[in-house]
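# A closer look at the structure
Given next are the chains, with one letter for each unit.
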Amino acid sequence: MSALPKLWMRHEVRLTERRAPIVPADAGELVRAGIAVTVEESSHRCFPIEDYAAAGCRVVPAGSWPQAPLDEYVIGLKELPEQPAELRHRQVYFGHAYKDQPGSATLLRRFLAGGGALLDIEYLTDERGRRLAAFGYWAGYIGAALAVLHYRGQLDGPLQSGSRAELDDRLRAGGAGEPAALVIGALGRSGRGACDALAVAGVASTEWDVAETADLDRAALIGHDLLINTVLVSSPVPPFLTTAELADPNRRLSVVCDVTCDVGSPFNVLPIYDQLTSWPQPARRLSDSPPLDLIAIDNLPALLPEPASVAFSAELTPQLRLLGDDSGPWSGCLRRFEQACQGLGMEVSDG
């Protein structure tokens, strides 16, 4: 039996990232199971550091993980800071480094230079390939909600994180001329979230998944007012929407929310944009004739940080107990890292 892992939850450098991969209640469960949990202080995490201390976690300053012992697993959510240049630890987070995204090769080289490894949570799956921990439901829910609010002219930046009750109240308030919405990937986590948000808003939705996208009806796609893309692909596929459709005079489509956000990658099914939108400017005009606006925010669940974190932590916590088990699901994450490095001609150290 492998030794119990040691966990170090880092502070998130992105100011709009208020989520936590481990919530205080689950951190307490890990501590009671004999797992040492260290938590960095954070000025914007939605859970107070005092709650982690009360759960038995060791508290350290924000950004101190580079000095952590090398047997600590560093746990996070989004991107690492640019320094240190050499990453020595095994890092558990969403690295977005395996689909030729901008900067992915640089990130992998940082790990190899330091002897560390990326254990990307996106690739933490069971034997059937189903993801074991994901924020997908809340990403889809919030993405669809923002699309509806923007269509109604009620989405003003900068966005602020809040509660589900507040968001649902805004959705139920309605507006003139409710749209027809299309959700692609409707049977997945994100798709279910998107459909639920549309139902709260009273918006009729068309639901497509693998069967409908195998032989895509482009006229039907651009015949909707809203498109919410929640598809996660593992290999390049024909795009769902191109710049040619944007110029179609019969296009009714006026708001696209790309929940997946594979911009810059050959896996991108919506190659109609080359830049994400943001909390300060959540929507951007892509076409004027007829008008079409894009929402493409890559940390949507952070707008509802508490419920999103609670749901995600409940899924991730049991898996964190298995870190270090060479036969467990994390071994697949390590193999994926090694394959990505080898694909770039890099050698992975055995040490």
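Look above for the structure.
Throughout this description, residue numbers start from 1 for each chain and increase along the sequence as written. Residue-level local features of this predicted model are given only where pLDDT is at least 70; pairs of side-chain atoms are given and counted only at 80 or more, and the full residue set underlies all totals for whole chains, interfaces and linings. In computing side-chain values, all of the structure's heavy atoms are included and hydrogens and water are not.

Another point: unusual backbone geometry. Glycine aside, negative phi is the norm for most residues, and most peptide bonds take the trans geometry. A cis amide bond links Gly157 to the next residue, Pro158, at an omega of 0 degrees. The secondary structure listing takes helices from DSSP runs of H or I that are at least 4 residues long and strands from runs of E that are at least 2 residues long, numbered from the N terminus. Assignment of secondary structure puts Pro158 in the loop between α4 (136–151) and α5 (164–172). With an omega of -10 degrees, the peptide bond running from Ser289 to Pro290 counts as cis. One can find Pro290 in the loop between β11 (284–288) and β12 (291–295). We note that Asp100 has phi near 60 degrees; this positive angle belongs to a residue other than glycine. The phi angle at Cys261 is positive, at roughly 55 degrees, despite the residue not being glycine. Mapped onto the secondary structure, Cys261 falls in the loop between β10 (255–258) and β11. The buried label applies to any residue whose accessible area, calculated with a 1.4 Å probe on protein chains only, is under 20% of its type's maximum; exposed applies above 50%, and partly exposed to all values in between. A relative accessible area of 14% places Cys261 in the buried class.

Another aspect to go through is the sheet that holds strand β2 (residues 37–40). Judged by pairing direction, the sheet is parallel, and its 6 strands sit side by side in the order β3-β2-β1-β4-β5-β6 without closing on themselves. Strands with a single pairing partner mark the edges of an open sheet, and in this sheet they are β3 (58–60) and β6 (117–120). Across the sheet, the mean angle separating the axes of adjacent strands is 25 degrees when strand polarity is ignored. In this analysis, strands are considered paired if DSSP registers two or more bridges between them. Summarising the sheet, strand β5 (residues 90–93) and β6 pair through 4 bridges and their orientation is parallel. Note on geometry: axes are C-alpha line fits, over the in-contact stretch for helices, and angles between N-to-C directions span 0 to 180 degrees.

Before going further, it helps to spend a moment on the pattern of salt bridges. Salt bridges are identified by distance alone: a Lys or Arg side-chain nitrogen within 4 Å of an Asp or Glu carboxyl oxygen. Within this structure, the stated rule accounts for 16 salt bridges. Put simply, Arg10 and Glu12 hold a salt bridge, and the shortest N to O gap is 3.6 Å. When sorted by exposure, Arg10 lands in the same class as Glu12, which is buried. Of the charged contacts, one joins Asp169 and Arg172 as a salt bridge, the two residues approaching to 3.9 Å between their closest N and O atoms. Of the two residues, Asp169 and Arg172 are both situated in helix α5; the distance of 3 residues between them amounts to about one turn of the helix. Taken individually, Asp169 and Arg172 each receive the classification exposed, so the pair is uniform in this respect.

What follows deals with the packing of aromatic side chains. Aromatic pairs are defined between Phe, Tyr and Trp rings, using the six-membered ring for Trp, whenever the two ring centres lie within 6.5 Å; interplanar angles under 30 degrees are classed as stacked, those over 60 as edge-to-face, and all others as tilted. Inspection of the entire model under this criterion finds 8 aromatic pairs. Taking 6.3 Å as the distance between ring centres and 55 degrees as the angle between the ring planes, the aromatic pair formed by Phe94 and Phe135 counts as tilted. Of this pair, Phe94 sits in the loop between β5 and α3 (104–114) while Phe135 sits in the loop between β6 and α4, and the two are 41 residues apart along the sequence. Ring centres 4.1 Å apart and planes at 10 degrees place the aromatic pair Phe135 and Phe312 in the stacked group. Placement of Phe135 in the loop between β6 and α4 and of Phe312 in helix α10 (residues 305–320) is noted, with a sequence separation of 177 residues between them. The residues Phe135 and Phe312 share a single accessibility class, namely buried. A cation over a ring is seen here: Lys99 above Phe267, with NZ or CZ 5.8 Å from the ring centre. Both a distance and an angle decide whether a charge sits over a ring: NZ of Lys or CZ of Arg must be within 6 Å of the ring centre and within 35 degrees of the ring normal. Here the basic side chain of Arg336 rests over the ring of Tyr123, its NZ or CZ set 5.5 Å away from the ring centre.

We now examine the side chain of Arg152. For Arg152, the position within the fold is in the loop between α4 and α5. Of the polar contacts made by the side chain of Arg152, one reaches the side chain of Glu178; its length is 3.1 Å. Every residue pair with non-hydrogen atoms within 4.5 Å of one another is taken to be in contact. Look past the residues within four positions of Arg152 in its chain and what remains in contact with it is Arg170, Leu171, Gly174, Gly175, Glu178 and Ala201. In protein, a polar contact means a hydrogen-donor-capable atom and an acceptor-capable atom, both N or O and within 3.5 Å, with residues adjacent in sequence counting only if both atoms are side-chain atoms; elsewhere, any N or O pair within 3.5 Å suffices.

Time to look at the side chain of Asp258. Within the secondary structure, Asp258 is located in strand β10. A positive count includes Lys and Arg, and a negative count includes Asp and Glu. His and the chain ends are not counted in either. No salt bridge is formed by the buried Asp258; its nearest oppositely charged neighbour, Arg284, is found at 9.8 Å. Side-chain polar atoms of Asp258 contact the side chain of Tyr273, separated by 2.6 Å. Each residue touching Asp258, except ones within four places of it in the same chain, is listed here: Asn229, Asn268, Leu270, Tyr273, Ile295 and Ala296.

Here we come to the pairing of β2. Judged by which residues are buried, β2 turns out to be covered on both faces: Val37 and Val39 on one side and Thr38 and Glu40 on the other are all buried. The pairing of strand β1 (residues 6–9) with β2 spans 3 bridges and is parallel. The residue of β2 that forms the bridge with Met9 is Val39. Looking down the strands as they point away from you, a crossover is right-handed if its path from the first strand over the helix to the second goes clockwise. Taken together, β1, helix α1 (residues 24–32) and β2 form a β-α-β motif whose crossover is right-handed. Across 3 bridges, β2 lies against β3 in parallel orientation. In the strand pairing of β3, Glu40 is matched with Val60. Handedness of the crossover is the feature at issue here: the chain leaves β2, passes through helix α2 (residues 49–54), returns alongside β3, and the resulting connection is right-handed.

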